[in-house]
Amino acid sequence: MEKQGHSEMETIPSDSPSYIKLLKTHRELLVTHIRNTQCLVDNLLKNDYFSAEDSEIVCACPTQPNKVRKILDLVQSKGEEVSEFFLYVLQQLTDAYVDLRPWLSQISFSPSQLIQSKIVLNTDPVSRYTQQLRHHLGRDSKFTLCYGQKEEVLLEEMYMDTVMELVDFNNERLGSLDSLACLLDHATGVLDAQGETVFVCGDAGVGKSMVLQRLQNLWATSQLDTGVKFFFHFRCRMFSCFKESDTLCLQDLLFKHYCYPEQDPDEVFSFLLRFPHVALFTFDGLDELHSDLDLSRVPDSSCPWEPAHPLVLLANLLSGKLLKGASKVLTARTGVEVPRQLLRKKVLLRGFSPSHLRSYARRMFPERAMQDLLMTQLEANPNLCSLCAVPLFCWIIFQCFRHFHTAFEGSAQLPDCTVTLTDIFLLVTEVHLNRTQPSSLLQRNTRSQVETFRAGRDTLRALGQVAHWGMEKGLFVFSQEEAQTSQLREEDLQLGFLRALPEPGPGGHQQSFEFFHLTLQAFFTAFFLVVDDKVGTRQLLHFFQEWAPPGEPVATSCYPPLFPFQCLGGGGLAGGDPFKNKDHFQFTNLFLCGLLSKAKQKLLRHLVPVAALRRKRKALWAHLFSRLRSYLKSLPRVQTEVFNQVQAMPTFIWMLRCIYETQSQKVGQLAAKGICANYLKLTYCNACSADCSALSFVLHHIRSQLALDLDNNNLNDYGVQQLQPCFSRLTVIRLSVNQITDSGVKVLYEELTKYRIVTYLGYVFLRISGLSPWSEYRAAGNHQSRGLWGGLSGHKAESTLHWELGSWALPLTLASHEVLLSLGLPSGQIGTLIEASGVITGCRGLQRENTGGAFNES
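Computed from a prediction, not measured in an experiment: that's the story for all the values here.

Caption draft 1: Summary view of the overall build of the chain. Looking only at helices and strands, the chain features 38 helices and 22 strands. Residues classed as buried in the chain amount to 55% of the 858 residues present. Counting only contacts in the chain whose residues sit at least 6 apart along the sequence, the fraction spanning at least 24 positions is 76%. Roughly 38200 Å² of accessible area belongs to the chain as shown, and the carbon and sulfur atoms make up 50% of that amount.

Caption draft 2: Local environment of the environment of Ser83. Following the sequence through the fold, Ser83 ends up in helix H7 (residues 80-92). Residue classification places Ser83 among the buried residues on the basis of a relative accessible area of 0%. When the C-alpha positions of Ser83 and Lys21 are compared, they lie 9.4 Å apart, and in sequence the two are 62 residues distant. Among residues more than four places away in sequence, those in contact with Ser83 are Tyr19, Ile20, Leu23, Val75 and Gln76.

Caption draft 3: Layout of the pairing of strand E17 (residues 730-734). E17 sits mainly inside the fold: five of its five residues count as buried. Of the strand pairs in this sheet, strand E16 (residues 706-709) and E17 are connected by four bridges, and their pairing is parallel. Residue pairing across strands places Leu706 opposite Leu730, the latter belonging to E17. Note on the crossover from E16 through helix H33 (residues 716-722) to E17: the handedness is right-handed. Inspection of the sheet shows E17 paired to strand E19 (residues 760-761) by two bridges, in the parallel sense. Residue Ile733 lies in a different strand from E19, and its bridge partner there is Leu761.

Caption draft 4: Representation of the nonpolar core in the model. Formed by 208 residues in total, the largest nonpolar core has its most connected members in Phe230, Phe281, Phe283 and Phe398. In this structure, Phe283 is in contact with Leu212, Phe234, Cys236, Phe239, Leu314, Leu317, Leu318, Lys328, Val329, Leu330 and Thr331, ignoring residues within four places of it in sequence. By size, the runner-up hydrophobic cluster in this structure holds 34 residues, among which are Leu72, Leu74, Phe85 and Leu90.

Caption draft 5: Quick peek at the sheet that holds strand E3 (residues 163-167). Spatially, the seven strands line up as an open sheet ordered E4-E3-E9-E5-E8-E7-E6, and their pairing is mixed. Among the strands making up the open sheet, the edge pair consists of strand E4 (173-176) and strand E6 (230-235). Across the sheet, the axes of successive neighbouring strands diverge by a mean angle of 25°, strand direction being ignored. Pairing of E3 with E4 involves three bridges; the strand directions are antiparallel. Each bridged residue has a counterpart across the sheet, and for Leu166 the counterpart in E4 is Gly175.

Caption draft 6: Looking closely at the packing of helix H16 (residues 354-364) against helix H17 (residues 368-380). Between H16 and H17, whose axes approach to 9 Å, the crossing angle comes to 140°. One element, H16, and the other, H17, form an angle in the oblique class. Regarding H16 and H17, the two cross each other, and that crossing is right-handed. On the side of H16, the interface is formed by Leu357, Arg358, Ala361 and Arg362, while H17 contributes Gln371, Leu374, Met375 and Leu378. Residue composition of the contact of H16 with H17, by class: five nonpolar, one polar and two charged.

Caption draft 7: Quick look at the pairing of strand E14 (residues 644-647). Residues Asn644 and Val646 of E14 are buried on one face, and the alternating residues Gln645 and Gln647, pointing to the opposite face, are buried as well. Where strand E13 (residues 637-639) meets E14, three bridges bridge the pair, whose relative direction is antiparallel. Each bridged residue has a counterpart across the sheet, and for Arg637 the counterpart in E14 is Val646. The turn joining E13 and E14, which pair antiparallel and follow one another in sequence, is formed by four residues. Of the strand pairs in this sheet, E14 and strand E15 (residues 679-681) are connected by three bridges, and their pairing is parallel. Looking at the pairing, Gln647 lines up with Lys681 of E15.

Caption draft 8: Region of the structure containing the packing of aromatic side chains. Tallying each qualifying case throughout the model produces 36 aromatic pairs. Ring centres of Phe232 and Phe281 lie 5.1 Å apart, and the angle between their planes is 25°; on these two criteria the pair is classed as stacked. Remark: Phe281 occurs in strand E7 (residues 279-284) and Phe232 occurs in strand E6; sequence separation between them is 49 residues. The aromatic ring of Trp219 is capped on one face by Arg134, whose charged end is 4.3 Å from the ring centroid. Here the basic side chain of Arg657 rests over the ring of Trp654, its NZ or CZ set 4.4 Å away from the ring centre.

Caption draft 9: Summary view of helix H12 (residues 208-220). Between its terminal C-alpha atoms H12 stretches 19 Å, which fits the 18 Å expected from 13 residues at 1.5 Å a residue. Extensive coverage of H12 is indicated by the burial of twelve of its 13 residues. Of the positions making up H12, those classed as buried are Lys208, Met210, Val211, Leu212, Gln213, Arg214, Leu215, Gln216, Asn217, Leu218, Trp219 and Ala220. Note on H12: the residue one or two positions beyond its end, Ser222, has a positive phi of about 60°.

Caption draft 10: How the structure looks around the packing of helix H30 (residues 650-662) against helix H32 (residues 691-699). As a packed pair, H30 and H32 sit with axes 8 Å apart at the nearest point and diverge in direction by 75°. On the basis of the axis angle, H30 is roughly perpendicular to H32. When H30 is examined against H32, the residues Ile653, Leu656, Arg657, Ile659 and Tyr660 are found in contact with a partner set consisting of Asp691, Ser693, Ala694, Leu695, Phe697 and Val698. Partitioning the contact of H30 with H32 into residue classes produces eight nonpolar, one polar and two charged.

Caption draft 11: Just the pattern of salt bridges, in detail. Counted under the stated rule, the structure contains 21 salt bridges. With a closest N to O distance of 2.7 Å, Glu196 and Lys328 form a salt bridge. Of the two residues, Glu196 is situated in the loop between E4 and strand E5 (197-202) and Lys328 in strand E8 (residues 327-333); the sequence distance between them amounts to 132 residues. Side by side, Glu196 and Lys328 carry an identical accessibility label, which is buried. A cluster of three or more residues bridged by salt bridges with shared partners is formed by Lys681, Asp709, Asp711 and Arg734.

Caption draft 12: Structural view of the environment of Gln722. With respect to the helices and strands, Gln722 occurs in helix H33. Overall, the relative accessible area of 22% leaves Gln722 in the partly exposed class. Here the alpha-carbon distance between Gln722 and Ala690, two residues 32 residues apart in the chain, equals 7.8 Å. The residues contacting Gln722, other than those within four sequence positions of it, are Ser689, Cys692, Ser693 and Ser696.

Caption draft 13: Just unusual backbone geometry, in detail. For Asp48, which is not a glycine, the phi torsion comes out positive at approximately 60°. Its location among the elements puts Asp48 in the loop between helix H4 (38-46) and helix H5 (52-59). Phi angles above zero are rare outside glycine, and Leu323 is one such case at about 50°. Considering the arrangement of structural elements, one finds Leu323 in the loop between helix H15 (310-319) and E8.

Caption draft 14: Representation of the side chain of Thr282 in the model. Topologically, Thr282 is positioned in strand E7. Looking at Thr282, its side chain comes within polar contact range of the side chain of His233, at 2.7 Å. Apart from the residues within four sequence positions on either side, Thr282 is in contact with Leu212, Leu215, Phe231, Phe232, His233, Phe234 and Val329.

The rules we used
Residues numbered from 1 in each chain as written. Predicted model: local features only at pLDDT ≥ 70, side-chain atom pairs only at ≥ 80, totals over all residues. Heavy atoms only, no water. Helix = DSSP H or I, 4+ residues; strand = E, 2+ residues; numbered from the N terminus. Buried < 20%, exposed > 50% of the residue type's maximum accessible area, 1.4 Å probe, protein only. Contact = heavy atoms within 4.5 Å. Areas by Shrake-Rupley, 256 points an atom, 1.4 Å probe, with all protein chains shown as cover. Pairing = 2+ DSSP bridges. Right-handed = clockwise from strand over helix to strand, strands pointing away. Core = buried A, V, L, I, M, F, W, Y, C linked by side-chain atoms within 4.5 Å. Axes fitted to C-alpha atoms, helices over the stretch in contact; angles between N-to-C directions. Parallel < 35°, antiparallel > 145°, perpendicular 65-115°, else oblique. Left-handed = near helix turned anticlockwise from the far one by under 90°. Nonpolar A, V, L, I, M, F, W, Y, C, P; charged D, E, K, R; others polar. Phe/Tyr/Trp six-rings, centres within 6.5 Å; stacked < 30°, edge-to-face > 60°. Lys NZ or Arg CZ within 6 Å of the ring centre and 35° of its normal. Expected span 1.5 Å × (residues − 1). Salt bridge = Lys/Arg side-chain N within 4 Å of Asp/Glu carboxyl O. Polar contact = N/O pair within 3.5 Å; in protein donor to acceptor, adjacent residues only side chain to side chain.

Next comes the structure, spelled out in structure tokens:
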């Protein structure tokens, strides 16, 4: 028909500007291609070119061609202006008169200013349906149900871009996508030009559904300029709701099960069939389709009017048998395979990059101070920071931080309770369990934490059994058979704790799985040890063998006996292979302490018999204290006149973390009594700044004075802040090489000048970004403050600034200090400092002959 129109097109001579003549010349072409007469009548009435009587005359015509002829007769009889406006309506309503676009372009129609000032109403069914879809998707995508499934938040407040990578069929990286519009770009990352589907995959919680919702919102607000007129969004799980005997035609699937056109559905569907390239389909969560659907074996169905099962329609839409040329975006979790012949491109979601994480922090916490505090605490805890790469976990951790900050804002005291790693993982578990519950605009999840865990107890126990089995064997990848042996059901795998791996499992051909994060496996292992009634005391404490004192034989190794080497198997000393990372055992112990803490009994008593829970708690605490005491007694010691010094190992840091996880002051007091030394040397223990919280949690219970050596760790400024409860006890403190900047120095200055009991302060490697805190106190008139500083150093480019600050800061802080007996300074810099500041004439403590005070060059 379009070709017929082209043959009838003739160029109007330039010397004949008459629009009446133009309509007469091309009368048959217009009669043939104008299918929508209502738009013309509505606009002619709106601008008073037609009367009500004219409209009635047109409507009385029996057929569509007769209506067009009658409109042309009336328009031509009313003069040039009305004829020009008639052509203007045809030009403006492109969807209604799509077949006339080539002709309008060929005659080079250009309306006058008068005609352009007229109002054109778009009552075309196709355009109206486009607006209807925009309204529908805009309403549905404006808000999103938060991860907890209990409240709605604005999508703009929740959404953040993630790392999107183009990959090939073997998941090899091809490049990155800069924006969501690139998903629909047919020139970028195309694997097969004949493919119809863009496949977006990623792990659970990485934001696949959020990406599609953002895509919907951009299209609904006309921010996605891709030429798409129809946007249909389906969740794959809805196709599981149909019975095997149900059949639908394509029109019913799109209109009755998504959005029904307000007028002339047949005209809209006819337009869609003629121009499928203007449609975009998104199908979210192929892995949630509870069916044995094999996309490569579904019967073909290429007739849009022929009824078929909805799953058959889905498969043929993805393959292009139906609506070939339409854009399709399909999401699924990592490990779900889609036939290659269906794929046009493949995109892998990686989650948050560090820059995305900082941007998300700015969005969630507008106040700069809150952002800085949050990022500092994440940097202080590498385990939490790595979890924040997953948007779901990031949201949970940020919510925990918000709760913590709100609950204890402005409090200088150590809080009675805080958010622990166990709290965060319990919340992760609760959120994942709730996400599987059906939700709608009328129904929200109102289950309590107890109800959620009680309903999911069997699932969590099965996950725990898989995790525990792997932990005992030293395995982190499981075959499908091993997962089924633990009574793990198919729907349990959909929770997102386990993810499928693209490569085959140990068997070579079976699907393989792993826990989403190593700490998740440790958490579920501990959960299994707590909730399983058959777990005895020996099995409960099995992984605490990693706490064995140095040199003590281990009866049964935590490693599987299948290893043939002595350093990897049993029979050796505790620690076995010194190069093998055993953090998964330590995390299991940590979560065990957290789950059996007093604060968690309100939840666990609904999952575990009270007697069994009491027995396990009693056994754990007895073992915890005996291990701590025996471990400390076995460590190397140095006895001096003043101090009983003990050199602790990284295992001691893990002990402190476990004690901190209990959040029990009583446990902290008992642990403090077990520290039979007054000089703790914790150098090279790989302690991070979050560990200072655990250290303070125990040490602030010690009433006697104490020396603490934390040289060569990774404490930074946040670690210094967390040590504040301890400064009232510390007479010796060493913080060398800990990335402490001027912010940490300020805290150190305030605490040390408050108590004035320090007799030795080790050299502190500083990185000063501007004026040091000392200059602030000097400017404020605090010249007589009994301060203390052990040297200024830093980047070579800033050394001049540092020495200038030191030249006056050091004598000011040392001149009136009466307690300091020893000052540690970097090698080769003593002479420079003394010459620059004359400090040796001002420090009373170092000059007194009876103290034996001296400079120590380190």
